[in-house]
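# Examining the three-dimensional arrangement
Listed here are the chains, written in short residue letters.
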Amino acid sequence: METENFPEELADALVGVQRLIRRRLRSEMTMPRLRGAEVELLRLVEVRPGIGISEAAKELFLASNSVSTLVNQLARDGFLIRGTDPADRRAARLQLTETAKTRLSDWHERRAALVRGQVDRLDQKDRDALRAAIPALHALAVNLHEEAEDS
């Protein structure tokens, strides 16, 4: 039987783990820190190169003008290339610069190493429980995403 507090406990645990991962990774950084929304946009462009601003805004649940501002900042700082859509010259298509690719690759490697080191400290029962929870967590993320798109 699920406890009445389970949803809150789950949300708190997920937020806590994410926050601690972010803090640990930031403490090891030698370059200027990117804000959360900037990183989210770069990660989106990483998986969807050529995405447009309005599509990115929809995907990130942000206003188009907010994403446009982020794009301008990231382009100015050398992380994004704002190209022209050949089908619609008024629309932009976003690509990562080599600087951004290198930074994201470094971040992915450091994050994986950090989490791997912490997971290795757990006993086998806990590692198995985390592995078994991954499909359910993905399903939860899909549900949250779909519900946000519908609203």
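As a reminder, the structure under discussion sits directly above these lines.
Quick caveat: nothing in here was measured; it's all calculated off a predicted structure. Positions within a chain are numbered from 1, following the residues in the order the chain's sequence is written. Reporting of local features is limited, given that this is a predicted model, to residues whose pLDDT is at least 70; pairs of side-chain atoms are given and counted only at 80 or more, and all residues count toward the totals for whole chains, interfaces and linings. Side-chain metrics in this entry use all non-hydrogen atoms of the structure; hydrogen atoms and water are not considered.

## With respect to the overall build of the protein chain
Only runs of H or I of at least four residues qualify as helices and only runs of E of at least two qualify as strands under DSSP, and these elements are numbered from the N terminus. Assigned secondary structure in the protein chain consists of 6 helices and 2 strands. What you see in the protein chain, going N to C, is helices and strands ordered as α-α-α-α-β-β-α-α. The dimensions of the protein chain, computed from C-alpha atoms along their principal axes, are 55 × 40 × 20 Å. Any residue under 20% of the maximum accessible area for its type is buried, any over 50% is exposed, and the rest in between are partly exposed; the area is computed with a 1.4 Å probe on protein chains only. Across the 151 residues of the protein chain, 22% fall into the buried class. Contacts: residue pairs with any heavy atoms within 4.5 Å of one another. At a minimum sequence separation of 6, the contacts of the protein chain that also span at least 24 residues come to 55%. For the accessible areas, the method is Shrake-Rupley and the probe is 1.4 Å, while residue cover comes only from the protein chains on display. With an accessible surface of roughly 10,700 Å², the protein chain has 54% of that area assigned to carbon and sulfur atoms. Positive charges come from Lys and Arg alone, negative charges from Asp and Glu alone, with His and the N- and C-terminal ends not counted. Lys charges are placed at NZ, Arg charges at CZ, Asp charges at CG and Glu charges at CD. Averaging the positions of the 24 positive and the 25 negative side-chain charges in the protein chain gives two centres separated by 7 Å.

## Regarding the pattern of salt bridges
One speaks of a salt bridge when a side-chain nitrogen belonging to Lys or Arg is within 4 Å of a carboxyl oxygen belonging to Asp or Glu. As enumerated under the stated definition, the model contains 8 salt bridges in all. Among the ionic pairs, Arg93 bridges to Glu55, the shortest N-O distance being 2.5 Å. Of the two residues, Arg93 is situated in strand S2 (residues 88-96) and Glu55 in helix H3 (residues 53-60); the sequence distance between them amounts to 38 residues. When its relative accessible area of 25% is taken as the criterion, Arg93 is described as partly exposed. Residue class for Glu55 comes out partly exposed when judged on its relative accessible area of 32%. What you see here is one network of salt bridges that share partners, running through Arg48, Glu55, Glu59 and Arg93.

## Details of the pairing of strand S1 (residues 80-85)
Here 6 bridges tie S1 to S2, and the two strands are oriented antiparallel to one another. Directly across from Ile81, in S2, lies its bridge partner Gln95. We call two strands paired when DSSP finds no fewer than two bridges between them. Connecting the antiparallel pair S1 and S2 is a turn made up of 2 residues.

## So, the side chain of Glu38
For Glu38, the location among the structural elements is in helix H2 (residues 36-47). As a buried residue without a salt bridge, Glu38 has its nearest oppositely charged side chain in Arg35, at a separation of 4.4 Å. Excluding its chain neighbours within four sequence positions, the residues that come into contact with Glu38 are Leu70, Gln73 and Leu74.

## Quick word on the side chain of Thr97
With respect to the secondary-structure elements, Thr97 resides in the loop between S2 and helix H5 (98-120). In protein, a polar contact means a hydrogen-donor-capable atom and an acceptor-capable atom, both N or O and within 3.5 Å, with residues adjacent in sequence counting only if both atoms are side-chain atoms; elsewhere, any N or O pair within 3.5 Å suffices. A distance of 2.6 Å separates a polar side-chain atom of Thr97 from the backbone oxygen of Gly78. Setting aside anything within four residues of it in sequence, one finds Thr97 in contact with Gly78, Phe79, Leu80 and Ile81.

## Some thoughts on helix H4 (residues 64-76)
Three or four residues apart is the spacing at which side chains of an α-helix point the same way, because the helix has 3.6 residues per turn. Taking 1.5 Å of rise per residue, the 13 residues of H4 would be expected to cover 18 Å, and the 18 Å separating its terminal C-alpha atoms lies within 8% of that figure. Tucked inside the fold, the buried residues of H4 contact H2, H3, S1 and S2. Following H4 by one or two positions, Gly78 has its phi on the positive side, about 85 degrees. Given a helix with a known number of residues, its expected span is that number minus one, times 1.5 Å.

## Points about the nonpolar core
The nonpolar core is taken to be a set of buried Ala, Val, Leu, Ile, Met, Phe, Trp, Tyr and Cys residues, with the residues joined through side-chain atoms within 4.5 Å. Leu41, Leu42 and Leu80 are the most contacted members of the largest nonpolar core, which totals 21 residues. Going through the elements one at a time, H2, H3, H4, S2 and H5 are the ones with two or more residues in this core.

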